[in-house]
Amino acid sequence: MASIANERSVGAVMDAHSTSPRATVGGAAIADAATTYRPEIDGLRALAVVAVIIHHFSRDALPSGYLGVDVFFVISGYVIASSLAAHGDDSLLTFLRAFYVRRVKRILPALVLCVLLTGLAITAIDRTPGNALLTGVAALFGVSNISLAFEETDYFARPTDLNVFAQTWSLGVEEQFYLVFPLLFWLGLQPRRFGGTRAYLVALSLLSLASLLAFILGTSSAAAKLTYFAMPSRFWQLAAGALLFTLLHGPARRIGTLPAALAPVFLTVALALLFAPRQYQALNAIAVVAATLGLLASTRAGSGTHAVLSHPAVVYVGKISYSLYLWHWSVLSLSRWTIGVHAWTIPLQALAIAALSILSYTFVERPLRHAVWAGTTWRTVGAGILASAACAVLILGGAVSRETLGLQAITAGKFPASHLPLPGSGASFGNCALGTGHEALAESTFDLCTAPAPTAGAPMIWALGDSHAGHLQGLLYAVYDQAGMGVHLIETVATPFPTLPGRPSAARQRIFETILERLRPGDIVLVARLMLSRTGDPVPVPGLDEWTASLGELADQMGRRGVNVVVMGPSPMFDFDIIDACVLFDPCTISRARLAEQVEKVLGTLRVTASSRRNLFVFDSFEVLCPPSIGVCSATRDGVPLMRDRDHLNARGAAALTAEFLRFLQQNGLYAPVATSRNVRDPA
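Residues numbered from 1 in each chain as written. Predicted model: local features only at pLDDT ≥ 70, side-chain atom pairs only at ≥ 80, totals over all residues. Heavy atoms only, no water.

Student: What exactly am I supposed to notice about the overall build of the chain here?
Tutor: Scanning the chain from terminus to terminus reveals 28 helices and 13 strands. The buried share of the chain, reckoned over its 684 residues, is 55%. About 27100 Å² of surface is accessible on the chain, with carbon and sulfur atoms providing 62% of the total. (Helix = DSSP H or I, 4+ residues; strand = E, 2+ residues; numbered from the N terminus. Buried < 20%, exposed > 50% of the residue type's maximum accessible area, 1.4 Å probe, protein only. Areas by Shrake-Rupley, 256 points an atom, 1.4 Å probe, with all protein chains shown as cover.)

Student: How do you make sense of a nonpolar patch on the surface when you look at a structure like this?
Tutor: A contiguous nonpolar surface patch, about 540 Å² in accessible area, is contributed by Phe-141, Val-143, Ile-146, Phe-150, Leu-226 and Ile-385. Mapped onto the fold, Leu-226 is located in helix α9 (residues 224-229). (Patch = residues over 30% accessible without salt bridge, like charges linked within 9 Å, V, L, I, M, F, W, Y side chains within 5 Å. Salt bridge = Lys/Arg side-chain N within 4 Å of Asp/Glu carboxyl O.)

Student: Help me understand the packing of aromatic side chains in this model?
Tutor: Geometrically, a pair of aromatic rings is defined through the distance of the ring centres and the angle of the planes. On inspection of all chains with the given rule, the structure shows 21 aromatic pairs. Aromatic side chains Phe-661 and Phe-664 sit 6.3 Å apart centroid to centroid with 25° between the ring planes, which places their arrangement in the stacked category. Of this pair, Phe-661 and Phe-664 both sit in helix α28 (residues 658-667), 3 residues apart, which is roughly one turn of the helix. On the accessibility criterion, Phe-664 (12% relative accessible area) is buried. (Phe/Tyr/Trp six-rings, centres within 6.5 Å; stacked < 30°, edge-to-face > 60°.)

Student: What's the story with the pairing of strand β6 (residues 486-492) in this structure? I'm lost.
Tutor: In regular strands, side chains alternate between the two faces of the sheet. Burial of β6 is extensive: 7 of the 7 residues sit out of reach of the surface. Here β6 shows no split at all, with Gly-486, His-488, Ile-490 and Thr-492 on one side and Val-487, Leu-489 and Glu-491 on the other all buried. Alignment of strand β3 (residues 433-434) against β6, held across 2 bridges, turns out to be parallel. From the neighbouring strand, Leu-434 faces β6, where its bridge partner is Thr-492. Pairing of strand β4 (residues 450-451) with β6, which is carried by 2 bridges, proceeds in the antiparallel orientation. Directly across from Thr-450, in β6, lies its bridge partner His-488. When strand β5 (residues 460-465) meets β6, the two strands line up parallel, connected through 6 bridges. Within β6, the residue paired with Leu-464 across the bridge is Ile-490. (Pairing = 2+ DSSP bridges.)

Student: For this particular structure, what's the right way to read the state of the cysteines?
Tutor: This model, assessed by the stated rule, comprises 3 disulfides. Residue pairing for Cys-582: its cysteine sulfur links by disulfide to Cys-588, the two sulfurs lying 2.0 Å apart. Linking Cys-582 and Cys-588, the disulfide has an S-S dihedral of approximately -90° and is accordingly described as left-handed. Judged by relative accessible area, which is 5%, Cys-582 ranks as buried. A residue is classified by how much of its surface remains accessible, and Cys-588, at 8% relative accessible area, is buried. Each sulfur in the disulfide pair Cys-626 and Cys-633 lies 2.2 Å from the other. The disulfide joining Cys-626 to Cys-633 has a torsion of about 135° about its S-S bond and is therefore right-handed. Judged by its relative accessible area of 0%, Cys-633 is buried. Each bonded cysteine in the chain gets a number by its place in the sequence, and the pairs come out as 1-2, 3-4, 5-6. With no disulfide of its own, Cys-114 has Cys-391 as its nearest cysteine by sulfur position, at a separation of 9.4 Å. (Disulfide = S-S within 2.5 Å.)

Student: Would you take a moment to explain the packing of helix α1 (residues 39-57) against helix α2 (residues 68-85) for this structure?
Tutor: Between two packed helices, the angle of one axis relative to the other and the distance separating the axes together describe the packing. Two elements in contact, α1 and α2, have axes separated by 8 Å at closest approach and are oriented at 155°. Between α1 and α2, the crossing angle belongs to the class labelled roughly antiparallel. Crossing hand, α1 versus α2: left-handed. Contacts from Ile-41, Leu-44, Arg-45, Ala-48, Val-49 and Val-52 of α1 reach α2 at Gly-68, Val-69, Val-71, Phe-72, Ile-75, Tyr-78 and Val-79. (Axes fitted to C-alpha atoms, helices over the stretch in contact; angles between N-to-C directions. Parallel < 35°, antiparallel > 145°, perpendicular 65-115°, else oblique. Left-handed = near helix turned anticlockwise from the far one by under 90°. Contact = heavy atoms within 4.5 Å.)

Student: Any chance you could explain helix α11 (residues 263-273) here in plain terms?
Tutor: For an α-helix the count is 3.6 residues per turn, leaving residues at separations of three or four pointing the same way. Taken residue by residue, α11 has Ala-263, Phe-266, Leu-267, Ala-270 and Leu-273 as its buried positions. Each buried residue of α11 lies within a common arc of 130° when the element is viewed along its axis, so the set occupies one face. On its buried face, α11 sits against α1, α12 (281-298) and α13 (304-309). (Arc of directions from axis to C-beta.)

Student: Would you mind going over the nonpolar core with me for this structure?
Tutor: A general tendency of soluble globular proteins is for nonpolar side chains to be buried together. Among the nonpolar cores identified, the biggest contains 103 residues, and Leu-111, Phe-181, Phe-185, Leu-204 and Leu-326 are the most heavily contacted of them. For this core, the leading source of residues is helix α3 (residues 92-125), giving 14 residues. The contact partners of Phe-185, leaving out residues within four places of it in the chain, are Ala-81, Leu-84, Ala-85, Phe-95, Tyr-200 and Thr-246. Counting residues in each nonpolar core, the second largest holds 85 residues, with Ala-469, Phe-512, Phe-617 and Phe-619 among its members. (Core = buried A, V, L, I, M, F, W, Y, C linked by side-chain atoms within 4.5 Å.)

Student: Just to check I follow, could you spell out the packing of helix α6 (residues 169-188) against helix α8 (residues 196-219) for this structure?
Tutor: Look at α6 against α8: their axes get within 7 Å of each other, and the N-to-C directions meet at 150°. Only Gly-196, Thr-197, Tyr-200, Ala-203, Leu-204 and Leu-207 of α8 make contact with α6, whose side of the interface consists of Phe-181, Leu-184, Phe-185 and Gly-188. Looking at the contact of α6 with α8 residue by residue, the class counts come to 7 nonpolar, 3 polar and no charged. (Nonpolar A, V, L, I, M, F, W, Y, C, P; charged D, E, K, R; others polar.)

Student: Would you mind going over α8 with me for this structure?
Tutor: Over its 24 residues, α8 runs 34 Å from end to end, which matches the ideal 34 Å to within 8%, given 1.5 Å per residue. The complete set of buried residues in α8 reads Gly-196, Thr-197, Tyr-200, Leu-201, Leu-204, Ser-208, Ser-211, Phe-215, Gly-218 and Thr-219. (Expected span 1.5 Å × (residues − 1).)

Listed below in structure tokens is the structure:
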């Protein structure tokens, strides 16, 4: 969506285009087809919104269902061009004023209601709702896509799925398109001064090609997130619909409609693309835009495709698709904060989405769209802005007043810190998490993230790895406090250690070289990494055997220096969306048997490598956190979370390993409570 976020929302749904009968484009009468309501367009909207909703319920069920947003962008461009063409004889000021009044009345009522109610709901649930609420405020003013594109991806960032307003990015894209396109379109209606329709078509085509090129190049680059959310890289999709309308219904009708026999082909292609693998995102987007254009150009009354898309039930879904798009995400995102999204919850959530959407459409969206808001058009726009501002004040005020309202007390003391301050400096552990979107390796990083042994003669523990090394901070600092051992911990995000062939990490290599300079006989190198898959079934991650071979080589290298290596076995892998739900609504347990077999596969691979090396040891954290006697793994203990998310321990959860970890070190001769000399194993 999520993608993204998403990758995961639907663009704003535009109004059905019944317009005045004799408006002109470039001095020529608009074809009757351009001023006639086409029910099959609402049918296409229904297809798009249902695809997105299914995708957001389960990405596995419809891997590319997010392409519904691309379908909506094309439809919006086509319908907006039709709506503007119907007012082609107006002066520029009247033309723009009437257009923006229609947009305000079309978009804001349902949006303000959704943002207000969803904002109040997330304020009651989320301990720190500020980021989501700011996205909601940005949505009210048409810039949430910019907010999401530049949202800081820091160490503690939440998934986009948990931002209850993430779906509004597509509204931002369309509203920003509306700032550019109406003026361009009006200029195209002035043949004597600005070159007329031909100049308009050339300009729009060139802009579209530039936008398409940016989309293709950006999708596979480091700027993929910005490419996904930004209006300039989405311009081509909206413009494609506008170009099609002009070519079909503008002066001289530069192209004719396509044969009706092609419509079912285009519909089949569009449906098939919803199941396409997501890794072909740019190609899929181009294909679905082409299929949508084909449907718009070939579907005619009397054909089978028209009968399907214009069925009354399908058309009704299309008519309420804007409200569906707004409310489906609110319901699903709030569900992830509370009861989760499971097979048993889907009927309830689908019912809630349908009910809220129908109520919104019936009592807010439709009546306010046709109501007279104020005496003048500019007052209507002002009323919309005022309503948005009032909504923003209400939801932000609610967040500020959480403590006054007693909402803080609901979760007070129930959420341990994800990480602890660094010893000595008290700085955030975020300084010790390196990688793309995180901190960069600085000259001070190594010493900042290293705490020398407070007890003379005690060994150092040098912890290396990805975020599954980082989540052991609570354990390491407890060892530092209780056993007087020194600790070093720098996490390289998404980069395990030893690094795999072909995936070098300059930062990790520099850190390791510094560690080699400071290693002493008797020290311990602690290695941890992600070992079970985060997606689908919790099976061993690909490449684990290859990585384990590299681990053996590391142990051999360390053995020659008189240094021991401990590898941390996998911790439990849960399937909740956010840990808050485990405290407020659900204990978040998972069958131990479901995980034990896969964990044992990993441990077996590690133990085979360790069996031939006297200085390599395997610590089974799963056995400590999920004792066989209980039968389940729980994300909480005594009502307090042990996890910060579905596969990372928080500081308390990591510290819960301390007693068994120290016992493990003592049993293997790696540490003695009163250390007068260090027991160092001979190399294998």
